[in-house]
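Structural characterization, general
Listed here are the chains, written in short residue letters.
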2 protein chains.
Amino acid sequence: LSSPDSDGLSRVSDAGERALIERIRARLPHPPPALVVGIGDDAAVAVPDRGTLQVLTTDALVEGVHFDLRFSTPSDVGYKALAVNVSDIAAMGGAPRLAMLSLMLPPDTLLQTVDGLLEGLSEIAGATGVTLAGGNITRSPGPLIVDVSVIGSVKPRKILRRSGGRVGDAVYVTGRIGMAAAGLGWLRTSVAPPGGSHGPDDAALAECVLRHRRPEPRARIGALLGRNRAASACMDLSDGLADAMAQVAAACGTGATIDASALPIHPAAHAWFSSQGDRPGGQTPGSDPLTAVLSGGDDYELLFTVPKRRRGRLRAVIREARGVPITRIGELTAGTEVVLEQNGRREPLPPGFVHF
Amino acid sequence: LSSPDSDGLSRVSDAGERALIERIRARLPHPPPALVVGIGDDAAVAVPDRGTLQVLTTDALVEGVHFDLRFSTPSDVGYKALAVNVSDIAAMGGAPRLAMLSLMLPPDTLLQTVDGLLEGLSEIAGATGVTLAGGNITRSPGPLIVDVSVIGSVKPRKILRRSGGRVGDAVYVTGRIGMAAAGLGWLRTSVAPPGGSHGPDDAALAECVLRHRRPEPRARIGALLGRNRAASACMDLSDGLADAMAQVAAACGTGATIDASALPIHPAAHAWFSSQGDRPGGQTPGSDPLTAVLSGGDDYELLFTVPKRRRGRLRAVIREARGVPITRIGELTAGTEVVLEQNGRREPLPPGFVHF
């Protein structure tokens, strides 16, 4: 007899687990026929894509570590929790298919928070062809946690590993970098009203804030790169470009050189970090805007390598990339050094985002 | 240059994420050929079983909610985190194949705690044919959390749902019930030295404590029931027998009657709960040993229903059950009432374990 609004203000501790699962199921789109058993049984059952391998990934967003509800809405958090997993599948050249959602909720979490999480998750699920197949809900005595696993599919000979690149392969990156880190930087230094949906007046900086809240996984480009075998190695930028370059070079057993002048740094990100240099509490002493961009995480662009003989295939991918820039930023080199070349000077790449 | 021991006493915050992943990979058995890409890339890639459907489940163990490191060792926690997922796959009639491990670690977690988690998880993985394919590690500002997803396979017409039972089908349960709840009860009332490996002198009660720490998922019996299609519905007892019976009856659109005298209550569990009735802080007022057993969670036995015409098939399963008892405890009935019959009296089944 309560209105939908007052219902949303109830706590999950009053609703109970079954009611919560029923509420979630009622708000999801009708599952496709390939989902033979969906939410509500001991496990989900699904028909796999024929002739493919399984691609599996899992990634968690932890309140206070990966998100702050002063900076993001629950819907943003649900969106991002699935998006970061879709990004991992894309980085393998796969197509995401099914998601499992593991929610850990403090007892005083409002039902409308859960509704928001599901709304954002459903939005990106719909956009990337993912079905929420099942999951688990439990109480958290600590932070709110949204842990998602995604199962996708990839054709046997189309897998994009981190390790396939060879000396001389060119290094490319999708999109513009530094956006999410600049967006988070703005949120941290601005006065936040409650609700997590405020943003800067400047449109380009607002785009950066949106990228922090709702990363765009490069699902389409990853699948294209896998399908036409343009890339020899691939990884996503979850922990920043410097980290990804170091990881790919290590996996390939090569070094790498990045040309600083070629980096597709988003103009608003560059402006933001440049303005922060002298600010007390802005950046750590000695760091410059370029370092901030290279070690800033959460962009979820793809870094990949292309052998000379496959440049033609890459052009085909670029034609179908629908306006997402794909930029050559460097090359795999002999040895093991990962180097940034700037104004003729060569220095080691800065480290990426550190989780602990 | 540090010894293995002093190394194990380092904190994860000092080791860093990469070193932690490397440490985990080094301690796992060599992966099978079906794991095309394992730990260390953006996602894992595996060859699926031919001609099967995918079975997917996820379940988290949260410190302070599902385990207490005064009562269980890290190895017990790792074991249980995978075991509860294997139980879900078994309850669908499936075979577990791949696991994804999502670890959320407080920064002061010792490396030897992580080693213990992996050791226990590897033990049950080896025993049930599961390969740890990948995962994620992140910092937790709150409790230690071990969240596991398992992907299994099931033949298209061998799926065990909760919903297939019809009025007149007999209800069965595997094993002995009440063990895990009695074991946890003993742990909660005993004086625990640090380390989580103490136990009672009484061998039967010690068995109950072990069941709480290391549940035995009925992987073999679930697969047998699915394969020969003896069962019309099936569910595991994660939240207790009363809860499972209510869920299965609701899914089947039937009622159910449970015969109290037929319940395979473990003798030590019965003795334990009987001894606790008058104890201050022992049980809630008005509850009796039977109620404690029926609402006690964590037994991970299977509850399933068998149509009359399939009793012969069930006998074949019982012959292959390797000593695990399979007991008829009741029947699905017309209507929607779920009833406990005891000494000629009929009363509603008590509720199961409540998560919030």
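Quick summary incoming for the structure in this document. (Residues numbered from 1 in each chain as written. Chains lettered and ligands numbered in written order. Predicted model: local features only at pLDDT ≥ 70, side-chain atom pairs only at ≥ 80, totals over all residues. Heavy atoms only, no water.)

A tally of helices and strands in chain A yields 12 helices and 13 strands. Relative to the 2.2 N^0.38 estimate, which gives 21 Å for 356 residues, the radius of gyration of chain A is 21 Å and therefore close to what a compact globule would have. Taking the principal axes of the C-alpha coordinates as reference, chain A spans close to 70 × 55 × 35 Å. Taken over 356 residues, chain A has a buried fraction of 60%. Put simply, of all contacts in chain A between residues at least 6 apart along the chain, 86% involve residues at least 24 apart. Of the roughly 14300 Å² of accessible surface on chain A, a fraction of 51% belongs to carbon and sulfur atoms. One finds the centroid of the 37 positive side-chain charges in chain A at a distance of 11 Å from the centroid of its 37 negative side-chain charges. (Helix = DSSP H or I, 4+ residues; strand = E, 2+ residues; numbered from the N terminus. Rg over C-alpha atoms; globule rule 2.2 N^0.38 Å. Buried < 20%, exposed > 50% of the residue type's maximum accessible area, 1.4 Å probe, protein only. Contact = heavy atoms within 4.5 Å. Areas by Shrake-Rupley, 256 points an atom, 1.4 Å probe, with all protein chains shown as cover. Lys, Arg positive; Asp, Glu negative; His and termini not counted. Charge placed at Lys NZ, Arg CZ, Asp CG, Glu CD.)

On to the packing of helix 7 (residues 203-213) of chain A against helix 10 (residues 267-276) of chain A. All names here are of chain A. Two elements in contact, helix 7 and helix 10, have axes separated by 8 Å at closest approach and are oriented at 95°. It follows that helix 7 is roughly perpendicular to helix 10 by the angle criterion. Residues Ala204, Leu205 and Cys208 of helix 7 pack against Ala268, Ala269 and Trp272 of helix 10. For the contact of helix 7 with helix 10, the residue count by class is six nonpolar, no polar and no charged. (Axes fitted to C-alpha atoms, helices over the stretch in contact; angles between N-to-C directions. Parallel < 35°, antiparallel > 145°, perpendicular 65-115°, else oblique. Nonpolar A, V, L, I, M, F, W, Y, C, P; charged D, E, K, R; others polar.)

The final tally for this structure, using the stated rule, is 42 salt bridges over all chains. Put simply, aspartate 76 of chain B and arginine 214 of chain B hold a salt bridge, and the shortest N to O gap is 2.8 Å. Residue aspartate 76 of chain B is located in helix 4 (residues 74-91), and its partner arginine 214 of chain B is located in the loop between helix 7 (203-213) and helix 8 (219-227); the two are separated by 138 residues in the primary sequence. Considered together, aspartate 76 of chain B and arginine 214 of chain B belong to a single accessibility category, that of buried residues. Put simply, glutamate 301 of chain B and arginine 218 of chain B hold a salt bridge, and the shortest N to O gap is 2.7 Å. Of this pair, glutamate 301 of chain B sits in the loop between helix 11 (289-295) and strand 10 (302-306) while arginine 218 of chain B sits in the loop between helix 7 and helix 8, and the two are 83 residues apart along the sequence. Take glutamate 301 of chain B: its relative accessible area is 0%, and that puts it in the buried class. Linked by salt bridges that have partners in common, Asp76, Glu123, Arg213 and Arg214 of chain A make up one network. (Salt bridge = Lys/Arg side-chain N within 4 Å of Asp/Glu carboxyl O.)

What follows covers the environment of methionine 179 of chain B. Residue and element names in this part refer to chain B. Following the sequence through the fold, methionine 179 ends up in helix 6 (residues 179-189). Residue methionine 179 is classed as buried on the basis of its relative accessible area of 2%. Taking the C-alpha atoms as reference points, methionine 179 and threonine 305, 126 residues apart in sequence, are found 22 Å from one another. Dropping the residues within four chain positions of it, methionine 179 is found in contact with Glu207, Cys208, Arg211, His266, Ala269 and Asp299.

The set of residues buried in helix 3 (residues 17-27) of chain A consists of Glu17, Leu20, Arg23 and Ile24 of chain A. Angular distribution of buried residues about the axis of helix 3 of chain A spans 125°; they occupy a single face of the element. (Arc of directions from axis to C-beta.)

This brings us to the packing of aromatic side chains. All names here are of chain B. One pass over the full model with this rule turns up two aromatic pairs over all chains. Between tyrosine 172 and phenylalanine 304, the aromatic rings sit 5.7 Å apart at their centres with planes inclined by 15°, giving stacked as the arrangement. Placement of tyrosine 172 in strand 7 (residues 170-174) and of phenylalanine 304 in strand 10 is noted, with a sequence separation of 132 residues between them. Residues tyrosine 172 and phenylalanine 304 agree in their burial class; the two are buried. (Phe/Tyr/Trp six-rings, centres within 6.5 Å; stacked < 30°, edge-to-face > 60°.)

Turning to the side chain of threonine 73 of chain A, a few remarks are in order. Looking at the secondary structure, you find threonine 73 of chain A in the loop between strand 3 (53-62) and helix 4 (74-91). Here threonine 73 of chain A is in contact with Gly195, Gly196 and Ser197 of chain A, once residues within four sequence places are set aside.

Relative to chain B, chain A is turned by 180° and slid 0.0 Å along the rotation axis, the superposed coordinates differing by an RMSD of 0.0 Å. Considering both components of the superposition, the chain copies are consistent with a two-fold axis. Taking the C-alpha atom as reference, chain A places glycine 142 of chain A closest to the rotation axis, 2.3 Å from it. (Least-squares fit on C-alpha atoms with pLDDT ≥ 70 in both.)

On to the interface of chain A and chain B. On the chain B side, the residues contacting the 64 residues of chain A number 64 residues. A buried area of about 5400 Å², summed over both sides, lies between chain A and chain B, and 60% of it is on carbon and sulfur atoms. Viewed at the interface, chain B and chain A are joined by eight salt bridges. Close ionic contact of arginine 162 of chain B with aspartate 42 of chain A constitutes a salt bridge, the shortest N to O distance being 3.3 Å. If you look at where chain A meets chain B, you find 23 residue pairs in polar contact (both at pLDDT 80 or more). Ranked by residues supplied to the side of chain A that touches chain B, first place goes to strand 3 of chain A with nine residues. Among the residues making up the side of chain A that touches chain B, the classes are represented as 34 nonpolar, 16 polar and 14 charged. In this structure, strand 2 (residues 44-46) of chain A lies alongside strand 3 (residues 53-62) of chain B, joined through three bridges in antiparallel fashion. (Buried area = accessible area lost by both parts, 1.4 Å probe. Polar contact = N/O pair within 3.5 Å; in protein donor to acceptor, adjacent residues only side chain to side chain. Pairing = 2+ DSSP bridges.)

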